[in-house]
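# Notes for the structure review
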Amino acid sequence: MNLVVVSNRVARGKPNEPMTGGLAAALLPVVEHSGAIWVGSSGRVRDGHQKEPFAEIEALGSGAIATLDLPAAHYGGYYEGFANSALWPALHSRSDLIRVSREDYVSYREVNAFMARALMRFRKTRTAIWVQDYHFLALGAELRDLGVDDPIGFFLHTPWPVAAVMQGVPNHRELITAMLAYDLLGFQTEEDRQNFLSYVGGELGLTIEDGVALSQHGRTRCEVFPIGIDAEKFAAYAAKSASHPDVSRLRRSLNGERLAIGVDRLDYSKGLVNRISAFDRLWTEQPQFLRSISLLQIANPSRGAIEAYGNLQNEVARLVTDVNGRHGEVDWTPIRYLNKGFSQAVLAGLYRTAQVGVVTPLHDGMNLVAKEYVAAQNPADPGVLVLSKFAGAANELETALLVNPHDIDGMARAIAIAAAMPLTERKMRWDAMMKKLRGHTIQQWSADFVAELEKCRTDKAAVAPLAAQPPQALRWLKSAISGVRLI
């Protein structure tokens, strides 16, 4: 079966270049080794005069990347508007941050329709389409409108919140109904899956049978596929990176003190303010840790045009300055704060240098940084992972020190325990986590999803759709909402 993978962002897999976001890092090995075509945005926009979407194609391992210039008239409303000012905050249970207009929703649907038209050229005999993440919730419905009967699956990398939160998203009923055009919906955790099914059964009034939603589109199976990493590859990166200039300079600068590391996009879901506050509390309440452990916090800025992100960047910078001003000395800086990205190869070396990994999001789908930190450790002298219980990774990495990221004192205590943990216990905890990582790799994740997609589409073909609608029904609904004719 030919596989087409779709996401908003693509990555080119050069080990010496920074990679932004866990999704891109996760999909890279899937495409390199499966022969898939990976379709996504080029990062550029184009006016609406081109008749058909134009794609630039380049090789990536045994697969290929195809990038598209998205329509300029709709990109802002799609990306900074509905996707990241309505869906992203809602999916992370921050409905108080939803800021969106009717025009943003129209642009979101227009870009989904644009991507559907672009995908038509990549269809071959026995093609499966695998759509990634919240940018393209409606893409499956747009493809069905174009007559596509191939298997189409969707995987959500973020959490899925309780129904009451999703009800705060404008046009939520229409959008989630459109999601049911997919044959298979994949979630990171069982809690996410149950939250989605609860919405579909309660808000939409649809029948749910053994994890399958029955709708006008037919049968949509909802399953859990916890995403993994290539742990052996990341361990090899860590072993080789000791001589990299960034890693060796960091190691020399420590002068024997312990290091904690945090690596995140600069995002309100990552819990950076609480994390820095926990280190402040540690140094205030347990001054023996002054000059004994410092924090390297890498926070790569993103979505700066959105007000909530600009405000967060300013708040974190002020907090770091305040903490360093109160606890620092002329020859010691408690928090090294960097607003730039690093390649996976360099990150692996930085992870191995740190005795404590601090991954404390307020809410996260999985958080692959947690898994990367574990995989990068020296087996003879591993570090300790301090992990939020609200990250999907906590379901697998049970021997991490699990914390409530809203409990500042509790996080401070966990950091102190991690910094002082004896080698025997560190190795016991690390061995258990590595066993999980080796048993749930990124390759297994993708193979399991594609196999289930092929199976559930075969099952769906044997069942007539319930109350089937004309192919253009969803587009007519969009036209009615927007007051304009969509072509």
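Residues numbered from 1 in each chain as written. Predicted model: local features only at pLDDT ≥ 70, side-chain atom pairs only at ≥ 80, totals over all residues. Heavy atoms only, no water.

As annotated in an unreviewed UniProt entry, the protein chain carries the name Trehalose-6-phosphate synthase and comes from Bradyrhizobium sacchari. Of the protein chain, the UniProt comment under Sequence similarities (unreviewed entry) reads exactly: "Belongs to the glycosyltransferase 20 family." You can read under Catalytic activity (unreviewed entry) in the UniProt record for the protein chain the words "D-glucose 6-phosphate + UDP-alpha-D-glucose = alpha,alpha-trehalose 6-phosphate + UDP + H(+)". (UniProt positions renumbered as here; feature names shortened; annotations may be inferred.)

### Describing the overall build of the protein chain
A tally of helices and strands in the protein chain yields 17 helices and 16 strands. For the protein chain, whose C-alpha radius of gyration is 23 Å, the value lies close to the compact-globule estimate of 23 Å for 487 residues. Counting only C-alpha atoms and orienting by the principal axes, one finds that the protein chain spans roughly 70 × 45 × 40 Å. Among the 487 residues that make up the protein chain, the fraction classed as buried is 58%. Considering only contacts within the protein chain whose residues lie at least 6 apart along the sequence, 79% involve residues at least 24 apart. Counting every atom, the protein chain has about 19,300 Å² of accessible surface; 51% of that belongs to carbon and sulfur. Here the protein chain contributes 52 positive and 52 negative side-chain charges, whose respective centroids are spaced 3 Å apart. (Helix = DSSP H or I, 4+ residues; strand = E, 2+ residues; numbered from the N terminus. Rg over C-alpha atoms; globule rule 2.2 N^0.38 Å. Buried < 20%, exposed > 50% of the residue type's maximum accessible area, 1.4 Å probe, protein only. Contact = heavy atoms within 4.5 Å. Areas by Shrake-Rupley, 256 points an atom, 1.4 Å probe, with all protein chains shown as cover. Lys, Arg positive; Asp, Glu negative; His and termini not counted. Charge placed at Lys NZ, Arg CZ, Asp CG, Glu CD.)

### A word on the sheet that holds strand β13 (residues 335-338)
In spatial order, the strands read β13-β12-β11-β14-β15-β16; together these six strands make up an open sheet with parallel pairing. Pairing within the sheet leaves two strands with one partner each, and these edge strands are β13 and β16 (401-403). Averaged over all neighbouring strand pairs, the angle between strand axes comes to 20°, with direction disregarded. In this fold helix α10 (residues 272-285) packs onto β11 (258-265), β12 (293-300), β13 and β14 (356-359), with an angle of close to 170° to the strand it touches most, β12. Each of β11, β12, β14, β15 (384-388) and β16 is contacted by helix α14 (residues 408-420), which is oriented at about 170° to β16, the strand it contacts most. (Pairing = 2+ DSSP bridges. Axes fitted to C-alpha atoms, helices over the stretch in contact; angles between N-to-C directions.)

### Side note on the pairing of β13
The alternating pattern of β13 places Ile335 and Tyr337 on a buried face and Arg336 and Leu338 on a face that is not buried. Of the pairings in the sheet, the one linking β12 to β13 comprises four bridges and is parallel in character. By the bridge assignment, Ile298 is partnered in β13 with Leu338. A crossover connection joins β12 to the parallel β13 through helix α11 (residues 307-327); in handedness this β-α-β unit is right-handed. (Right-handed = clockwise from strand over helix to strand, strands pointing away.)

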